[in-house]
Every structure is written in structure tokens, then in C-alpha cells.
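Survey of secondary and tertiary structure
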Amino acid sequence: MQIAKIIVDVPTMQTNKPWTYKVPTKFEQLILPGMRVEVPFGNGNRQIQGFVTDVSEANEADVNEKIKDITNVIELEPVLNDEMLELGAFLAQKNFAFQISMYQTMLPNVLKAKYSKTIQVVKPDAIDNVDVRHIFADRDEIPFDSNEIDESLFPILKRYQEVGTLRFNYHVQNQAKAKMIRVFKPLLTSAEYDEQRKTLRSTAKKQAKLLTYLMDAKKEFTPIKTALETVALSSADFKQSAEKGWVVIDTVEEYRLPKLSTAVEPTQALQLNAEQQTAYDAIVEPIKADRAKTFLLEGITGSGKTEVYLQSIAQTLEQGKTALMLVPEITLTPQMVRRVQSRFGNDVAVMHSGLSDGERYDEWRRVMRHEAHVVVGARSAIFAPLENLGLIIIDEEHETTYKQDENPRYHARDVALWRADYHQAVVVLGSATPSLESRARAQRGVYKLLTLSQRALNNPLPHAEIIDMRKAIKNGEDEIFSDALIEQINDRLAKSEQSVLMLNRRGYANFLMCRDCGFVPMCPNCDLALTVHQDTNRLECHVCGATQPIPRECSNCGSTRIRPYGTGTQKVEEQLQQRLPEARILRMDVDTTRKKGAADRLLTKFGKQEADILIGTQMIAKGLDFPEVTLVGILNADTTLNLPDYRASERTFQLITQVAGRAGRAQKLGEVIIQTFNPEHYAINLAKEQDYEAFYAKEMQLRHAWKYSPYYFAVQLKFAHETEEEAAKVAYQTAKWLRKMLASDSIIFGPAPGNVRRLKNKYYYQILIKFKNDPGLEIALTELANGAQRLAKNGTILSIDRDPVNLM
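Residues numbered from 1 in each chain as written. Predicted model: local features only at pLDDT ≥ 70, side-chain atom pairs only at ≥ 80, totals over all residues. Heavy atoms only, no water.

Some thoughts on the overall build of the chain
The line we're drawing: The helix and strand labels rest on DSSP assignments: H or I over at least four residues marks a helix, E over at least two residues marks a strand, and numbering proceeds from the N terminus. Contacts between residues were defined by any pair of non-hydrogen atoms, one from each residue, lying within 4.5 Å. Surface accessibility in these figures is a Shrake-Rupley result with a 1.4 Å probe; residues are shielded only by whichever protein chains are displayed. Residues scored as positive are Lys and Arg, those scored as negative are Asp and Glu, and His as well as the terminal groups of each chain are ignored. By convention, the charge on Lys lies at NZ, on Arg at CZ, on Asp at CG and on Glu at CD.
For the chain, the count of helices and strands is 24 helices and 35 strands. Taken along the three principal axes of its C-alpha coordinates, the chain extends 90 × 85 × 70 Å. When contacts within the chain are restricted to residue pairs at least 6 apart in sequence, those whose partners lie at least 24 apart make up 75%. Of the roughly 37400 Å² of accessible surface on the chain, a fraction of 48% belongs to carbon and sulfur atoms. Looking at charge distribution, the chain has the averaged site of its 103 positive side-chain charges lying 2 Å from that of its 104 negative ones.

Structure representation (C-alpha cells):
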């Protein structure tokens, strides 16, 4: 007798362990670790999905114990390999997550189970209610939903269920479906088709047209849909041709491949300069030696990091290994996919959440079937099921988007390091502005530091100028566009060059306010002012999505003297178009890139110089490489500077440096205008000079004094409840208990209300713990995680975030 250990699809602490099931005789030698199966769970007839983690022969204790049988096998092959099973268990334990949640995160959405409920007749003769007997007149099992059953019958059905007349059944539905298409293949020669055509009656015009088409058709399977687009015929015409023996028709699978807005042109490897060659040689040496190693590739903007990536991938493939490349945002994926596919063609798979469920499933299967050996994608692509992994590249490694800030939490960099150790692979962390944590690890020798200090084309970094907006506004200049910036934009328009303007705030204005009573419309679910969106004529909450029309009068006092305050990208676009009516302007933010492929279409249009100015949020700060961009304007360099987070200065420096690097990347010199109300701040001044080393030294001194990362580790606890009193009470009780558990050099901050007190109708309190080495903390956190279910019964949601990247 065989038994299987199975992680069931019930995300609770009580079920967060492998459960033992008996393998029925019909499934022996069939069930393998990593498979999805259907199993009974709990009392009654509840069926759920589970992942097999182990299969073994039963021992004597197992034989004597009452063990339920596996009900069914969902697929005949594993969807998780041994590596993913082990990785999921590791991440669940490290990040206080459920193992089932980690496994589901690793897979395409269609592999998540969908459940349905039915009612089945057990004793038909015992049904004496006419209406109930009627709904079971022609069947003994029906779906349990209001479309099938009048809700007034629910109490009656419940009573029948209690006495055993009816039974509720639960079913697992497999959503993973391949796309199948009809194809045809010609069976005759061109001469034979010509002979057939001569025998036709003069009225058989459709058949004659089809035979003419088949004479020149390739002697291979072709989608019927493709043929119908070429020749004006119908599917029925092809069916008749198959009956006549002219063609054979079959059904085959067709991959739903992600498409870019324009075709990808093949490219050749470029000649590396001395610094690039040194970096490349260092990276490929451990790849050839099958030795795990991590590199930090610190290269200024425009230094050619991507070319080093591409040639390193080529060498990895030559060694018979696979490669994985991550970018921080979905909007950057099309540009990077273009670069990678231009070298490696169809050997490249794309993985990110912006794809349709069908596209993600098919790309995942291409990787599983070893039909693609290079994967490019955003954070979730780190779980791509590549085997014999030789190289993992994390571009713009400093970006916080590599950390998933919802359960199950994980950082893509940590997963990359784990996978590299598993495969003895190489990790390359690339950035012009590395995170302080990564740079400190390189300084200590944990990572190997590689530097690119010169631009690939030997062109200089752009010249940057700081504009003190306090003085500019005092002198009567515009609050959005300084005179210096407008002058530079006009100069670029005259030269037919392009400009990029960044403001890291979308929408039209920050909020709406009544000038008579001071009332500001607030989100009904969050303690946040609603943002003005002029294009949709609505007020929106950027956290919970609540929306309402822009009012014409104040709801508090009835005044019509209401106006928007603050500036977002929509307002920038509107006012710049008014000032420069001849300019062709594009805007790129979350609102303009919601539709699938929108980001790629916008960037392609800008790349073809069909626009003069690109306005955007931080999504335009990274990865864009357009030779005609010679001006970058940062409209407000302070948006991230005053955030209540110890990383505010670091993020400000990184953002300014990154977006400034979009200017002057080819032969033409670049110019950067930095508008700020804090012109003396060291982060802004050092970003102006693009002096990362000086910023690193300054910021590390401050981190050491403040006892923050990378000198200390951190854990953030958040408590959420519908009432503020309960959230505060649980937070204070937890803090009091924790102080008894921690080492003397560990530090607890809080409890304190969240920076935004209420979000999505829940009040938040938080505790921050800083520590160096505290075994007691790990014990305490595990105990807290195990008790989270008890807190949930009281309505309190506890989240534990190890090494948080955002303290907001």
C-alpha cells in the first residue's frame, strides 16, 4: 500500500502541514511528487485540490490507521518539480506564510482550483415536497445556485440534507485548458489539384477557388483560420474537401503567445569595451565551472549593462544551461523582451501578471516542456520552472517592487540566491544605484563587485541643473514649469529632439477643497483625500479604488467655490499642451497603461519620434533608451523625500539618478533640470552629480547612527481591525509580551498608528523590531504566526513582514 503526503488547499495554520492519504491501487506507480490531486477533506463530501509532496510505502502504523483515499488525479504530470516543492516549503517557513499559498504563487492562475457545489438525491422516495421533486424530475444531481433553485426552497433542502434524503457534494474543477485549433494539410500534388479543378462544373466556383488555393499551399499543417483570412471560403468548404480526400483535417494545440506592438528585428552582439569585457569574463567563469556566485554589477546609466547581460546569457546557453532575467516593472518588460528576443528569438518566454491567464499558462508550459530556455519577466517570473539554471539576472536590483508586500511575502532577490545555490548558478544584481544592503554585502565580500564607470559610447553623463522652486515662484514663475525648464523644452522642439518630464504623482490634482469652509472630500474607506481625475471627471482613492463624481458644490456648506489643489501627471499634460500647442505630448502612468499592450504601444510611438515630449511617473525613470532624448525634467524632486520612511533619501537619490540617465544616451549631449524646494539636501545634490559612492558613504553613516539596515535586520508587525480600539489593544498586548522574549540589544519601536490610520475600512497599528542576532525573536514570531488564527476569530488581522522595504 502506498501513501502520499499532500498539502491541501485550505490556507490556515491548523492545516499548514502535509496530510497523509492512501494511494488507490489504480493510481499506484502513477502519482508523483508535485502533482495536483483531488482529495476529500474534513467531514461530509468536501473535495479539494492538493499538491503531492511525497509518495512512499505505508508502514504498519499507516496500514492500521483510517486513511482517506485520493479521489482523483488532476494531471498526469507534476506541475511542481522537486526544486519548487523544496523552495515553497522554505519560503513558507521563512516568511510565516502558508505552504499552499506559496505553491499557488509559483503557478499560473489557471492552475488554482475552482470549486463547485451540487445537491444529489440519495433517497428519491423520501422527497414529499412537490417543488423539490420537480427540480429533480430529470436528474439526480444539480448545481447548488440560485439560477437552478428558488431561494425559498433552501430551508427545505437543508432539512432533507439533515435526514439523509439529499447530500451536498463539492467538486474540484480544472481550469487549465489548452487552446485547440483546427488545421488542414494538402494530400495531393499541384498537378492532381489542377486535374480535379478541370473536372468541376462551371457552377462549382467555391471548390474551384479552394483547389486553386491548395495548388500553391505548403504541404504541412496550416490553421484553417489562416487559410480563411487568405481566401474567401468557409470552414464547411474545408470539411467538404476533407470528405473528397483533398486534405486531411486535424485538431492541434496552439500556444497563446504574448505579442509586442511591432515585430522584433534580429540583432548581433556588440563589441564590449574594456570594463564590459572584464565584467563579462568574471560572470561567465563560474558559469562554466558550475559554481554558485553572486555579482553586483554597478554601472552608471548608459554604461551598457544590458549588453553584458545578453552576452552572458548567450554563453550560458552555449553551456547547455538556462537563464532567467527579471525587470522591476511590467511596463519595462516589453522593451527588455525586445532586446532579448532580438538575440535569442523563440527561445525566450515572457512571464508577468500583465499577460492573460491563457498566455501565462502557455508560456509556463513552454518552459516546462523545455521549448524555451530563457525567461524574461517581472517579480513572479523568479518561479519559472527552468531546469539546469545557469544564470539569474535581476536588473535595477534596488527596486522595491521585487518585494511582494502582500501574503505570501517574498523578495525575488532572496529567491534568486536560493535557486542559485540549488543549481550552482550565477546571480547578477545590476543597477546604477544599488540598494545600500547589496552594496554593503559587496563591500564585505559576500557579493563580488563589478563596476562600469564609463558610458558604453564614451559619451559624457548629462549636465544637471538644480532649480530652487522657492525662488522661482517668489519671482513670479509658474509653480509647475520653471522658466529654465520651458526654455530648454522650447530649445529641444526647435532642434526636433525629445524631452522626458517626470512627476511621481498620477491623476490631475492631489485633492479637492472648498475655499469657503475648507472641506476636503475623503475616501469613505480610508483616511485619505480623494485624488482628482479630470479625464474621467471623478474623484478616486488610489488605495481601495473608491470613486465618486467630481462635485459641483461643497457637500458640507453648499458653496460652489471648490477647486483642485496640487499637481498630477494629467494636469502637467493639460497645462503643457496649453503653453506649447504645437508640441506632440504622450503621458505614461497607471491610468494610460491599464489596457494590455498600452505601455509597449506608447514607448514604440515615442521611439519612432511620433511625439516630442513624454510625461510620466516613475515608470519612465528606468530602462528607457531613446537616442533623441536630450532633456530630462524632474518637475518635483521632493515627492519621495519627505515620506515617513528611513529610506526616503535613498529612494529620492535613486529616482533622480535613474531618470536623469535617460538623457544624452547617444551622440547628443544631455541636459537635466531638477526642480526642488530642498536644493540643499545631500540626496538631491549628489544625484545631480550622479555620485553614488559619495551618497553611499553619507547614507551609511546615518544608517549606522540610527541603527537601521544594513546594520540591523528588521521585522514589522501590523495589526488591523475594524475598530481602532481593538487594533491598538492587541498591538500593545503583543509589544508587552515581546519585550520579555527579545535579546537585550534588540529594539522595539511602537506600537504606533499606521502612517495612514485607516485603510480599506480597517485601522492599523504597527510595531517595528530592529535586531542583529536574536534567536528568541524567531521563536516569538513563530508563536505569533501560529496564534494569528485565534486573533482572526476576533477580527484582528496580523501580518509579519521580514525585512520590510516600505514602512508606510
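After that view of the structure, there is still more to cover.
A look at the side chain of threonine 593
Counted only if it meets this: We call two N or O atoms a polar contact when they sit within 3.5 Å, provided that within protein one can donate a hydrogen and the other can accept it, with sequence-adjacent residues counted only if both atoms are side-chain atoms.
By the element assignment, threonine 593 lies in the loop between β28 (585–588) and α19 (598–607). In this structure the side chain of threonine 593 is engaged in a polar contact, spanning 2.7 Å, whose partner is the backbone oxygen of aspartate 589.

Some thoughts on the packing of aromatic side chains
To keep it simple, the criterion reads: Pairing of aromatic rings covers Phe, Tyr and the six-membered ring of Trp, with a centre-to-centre limit of 6.5 Å; geometry is then stacked below 30 degrees between planes, edge-to-face above 60, and tilted otherwise. Note on exposure labels: buried denotes an accessible area under 20% of the residue type's maximum, exposed denotes more than 50%, and partly exposed covers the range between, all computed with a 1.4 Å probe on protein chains only. As a reminder, the over-ring test applies to NZ of lysine and CZ of arginine, requiring each to be within 6 Å of the ring centre and within 35 degrees of the ring normal.
Counted under the stated rule, the structure contains 16 aromatic pairs. Summarising the aromatic geometry, the rings of phenylalanine 383 and tyrosine 410 are spaced 5.0 Å apart at their centres and angled 65° between planes, so their arrangement reads as edge-to-face. Here phenylalanine 383 is found in the loop between β15 (374–377) and β16 (389–395), whereas its partner tyrosine 410 is found in strand β18 (residues 410–411), with 27 residues between them in sequence. Neither residue differs from the other here; phenylalanine 383 and tyrosine 410 are each classed as buried. These aromatic residues form a ring-pair network of at least three members: Phe653, Tyr682, Tyr692, Phe695 and Tyr696. One cation-aromatic arrangement involves lysine 770 over tyrosine 708; the distance from NZ or CZ to the ring centre is 3.8 Å.

Topic: the pattern of salt bridges
How we decide: One speaks of a salt bridge when a side-chain nitrogen belonging to Lys or Arg is within 4 Å of a carboxyl oxygen belonging to Asp or Glu.
For the coordinates displayed, the defined rule picks out 49 salt bridges. Across the pair arginine 256 and aspartate 362 runs a salt bridge, and its minimum N-O distance is 2.8 Å. With arginine 256 in the loop between β11 (247–253) and α10 (274–288) and aspartate 362 in helix α13 (residues 357–368), this pair connects stretches of sequence that are 106 residues apart. Owing to a relative accessible area of 0%, aspartate 362 belongs among the buried residues under this scheme.

Let's talk about helix α7 (residues 205–216)
This is how it is decided: Here the expected span of a helix is defined as 1.5 Å times the quantity of residues minus one.
The terminal C-alpha atoms of α7 lie 18 Å apart, and with twelve residues this matches the ideal 16 Å at 1.5 Å per residue to within 8%. Along α7, the positions that sit buried rather than exposed are Leu210, Leu211, Tyr213, Leu214 and Met215. Close packing links the buried residues of α7 with β9 (180–186), α6 (190–198), α8 (224–230), α9 (235–243) and β11.

Observations regarding the sheet that holds strand β10 (residues 222–223)
Quick reminder of the rule: Strands are treated as partners if at least two bridges between them are detected by DSSP.
The strand order across the open sheet built from three strands is β10-β9-β11, with neighbouring strands paired in antiparallel fashion. In this open sheet, the two edge strands, each paired with only one partner strand, are β10 and β11. With two bridges connecting them, β9 and β10 associate as antiparallel partners. Note on β10: the bridge partner recorded for valine 183 is proline 223.

Focus: helix α23 (residues 724–741)
Under the 1.5 Å per step criterion, the end-to-end length of α23 is 26 Å for 18 residues, consistent within 8% with the ideal 26 Å. The inward-facing, buried residues of α23 contact β32 (713–721), β33 (747–759), β34 (762–771) and α24 (775–793).

Description of the sheet that holds strand β30 (residues 629–634)
Condition: Fitting a line to C-alpha atoms yields each axis, with helices limited to the stretch in contact; the angle taken between N-to-C directions then spans 0 to 180 degrees.
Pairing within the open sheet is parallel, and its six strands lie in the order β21-β31-β30-β22-β29-β28. One side of each edge strand has no neighbouring strand; the edge strands of this open sheet are β21 (463–468) and β28. In this sheet, adjacent strand axes meet at a mean angle of 15° when their direction is disregarded. Here strand β22 (residues 498–502) pairs with strand β29 (residues 613–616) via four bridges, running parallel. When the bridges of β29 are listed, methionine 502 appears paired with glycine 616.

What about the packing of helix α15 (residues 436–443) against helix α22 (residues 692–706)?
Where we set the bar: Comment on the angle field: the value is read as roughly parallel under 35 degrees, roughly antiparallel over 145, roughly perpendicular from 65 to 115, and oblique elsewhere. When residues are sorted by character, Ala, Val, Leu, Ile, Met, Phe, Trp, Tyr, Cys and Pro go into the nonpolar class, Asp, Glu, Lys and Arg into the charged class, and all the rest, Gly among them, into the polar class.
Two numbers describe how α15 lies on α22: the axes approach to 11 Å, and their chain directions differ by 95°. Judged by the angle between their axes, α15 and α22 are roughly perpendicular. Every residue of α22 that contacts α15 at Leu436, Glu437, Arg439, Ala440 and Gln443 is listed here: Tyr692, Glu693, Phe695, Tyr696, Glu699, Met700 and Arg703. Looking at side-chain class alone, the contact of α15 with α22 contains six nonpolar, one polar and five charged residues.

A few points about the environment of threonine 203
Structurally, the position occupied by threonine 203 is in the loop between α6 and α7. Separated by 324 residues in sequence, threonine 203 and aspartate 527 have C-alpha atoms that sit 75 Å apart.

Observations concerning the nonpolar core
Our working rule: Take the buried residues of types Ala, Val, Leu, Ile, Met, Phe, Trp, Tyr and Cys, join any two whose side-chain atoms come within 4.5 Å, and each joined set is a nonpolar core.
The biggest cluster of nonpolar side chains holds 68 residues, and the ones touching the most others in it are Ile283, Val340, Leu391, Leu614, Ile634 and Ile674. In this structure, isoleucine 674 is in contact with Ala464, Glu465, Ile466, Ile467, Ile634, Ala637, Ile656, Ile684 and Lys688, ignoring residues within four places of it in sequence. Counting residues in hydrophobic clusters, the runner-up holds 48 residues, among them Ala97, Leu324, Val367 and Tyr447.

Here we look at the packing of helix α21 (residues 682–689) against α22
Which entries qualify depends on this criterion: In a left-handed crossing the near helix is turned counterclockwise from the far helix by less than a right angle, and in a right-handed crossing that turn is clockwise.
Viewed as axis vectors pointing N to C, α21 and α22 meet at an angle of 160°, and their least axial separation amounts to 9 Å. In terms of orientation, α21 and α22 fall into the roughly antiparallel class. Handedness of the α21/α22 crossing: left-handed. Seen from α21, the contacting residues are Tyr682, Ala683 and Leu686; seen from α22, they are Ala694, Phe695, Lys698, Glu699 and Leu702. A per-class count over the contact of α21 with α22 returns six nonpolar, no polar and two charged.

Quick notes on the environment of aspartate 591
Mapped onto the fold, aspartate 591 is located in the loop between β28 and α19. Counting along the chain gives 414 residues from aspartate 591 to lysine 177, while the straight-line C-alpha distance between them is 32 Å. Of note is the side chain of aspartate 591, whose polar atom sits 2.8 Å from the side chain of arginine 506. Polar side-chain contacts of aspartate 591 include one of 2.9 Å to the side chain of arginine 594.

A look at the pairing of β29
The cut-off we apply is this: Here the term right-handed applies to a crossover when the path leading from its first strand over the helix to its second strand runs clockwise, the strands being oriented away from the viewer.
Taking every second residue as pointing to the same face, both faces of β29 are buried, with Ile613 and Ile615 on one and Leu614 and Gly616 on the other. A crossover links β28 with its parallel partner β29, the connecting element being α19, and its sense is right-handed.

Here's the deal with the side chain of serine 303
Checked against the element boundaries, serine 303 lands in the loop between β12 (293–299) and α11 (305–318). Assessed through its relative accessible area of 1%, serine 303 is described here as buried. Looking at serine 303, its side chain comes within polar contact range of the main-chain oxygen of isoleucine 300, at 2.7 Å. The contacts of serine 303, once residues within four sequence positions are left out, are Gln276, Leu452, Gln454, Arg455 and Ala456.

With respect to unusual backbone geometry
Cis geometry is found at the peptide bond from asparagine 407 to proline 408, where omega equals -5°. The topology assignment puts proline 408 in the loop between β17 (403–404) and β18. With omega at 10°, the peptide bond leading from glycine 750 into proline 751 counts as cis. Of note in this structure, phenylalanine 96 is not a glycine but carries a positive phi near 55°. Within the secondary structure layout, phenylalanine 96 lies in the loop between α2 (82–94) and α3 (99–106). Look at phenylalanine 96 and you get buried, because its relative accessible area is 17%.

Remarks on the environment of arginine 167
When you line up the elements, arginine 167 lands in strand β8 (residues 166–173). In this structure the C-alpha to C-alpha distance between arginine 167 and asparagine 43, which are 124 residues apart in sequence, comes to 12 Å.

A closer look at the state of the cysteines
We apply this condition: Any cysteine sulfur atom paired with another within 2.5 Å is treated as part of a disulfide.
With the rule as written, the count across this model stands at zero disulfides. Free cysteine: cysteine 541, not disulfide-bonded; nearest cysteine sulfur from cysteine 523 at 3.7 Å. Owing to a relative accessible area of 4%, cysteine 541 belongs among the buried residues under this scheme. With no disulfide partner, cysteine 557 has as its closest neighbouring cysteine sulfur the one in cysteine 514, 3.7 Å distant. Judged by its relative accessible area of 41%, cysteine 557 falls in the partly exposed class.

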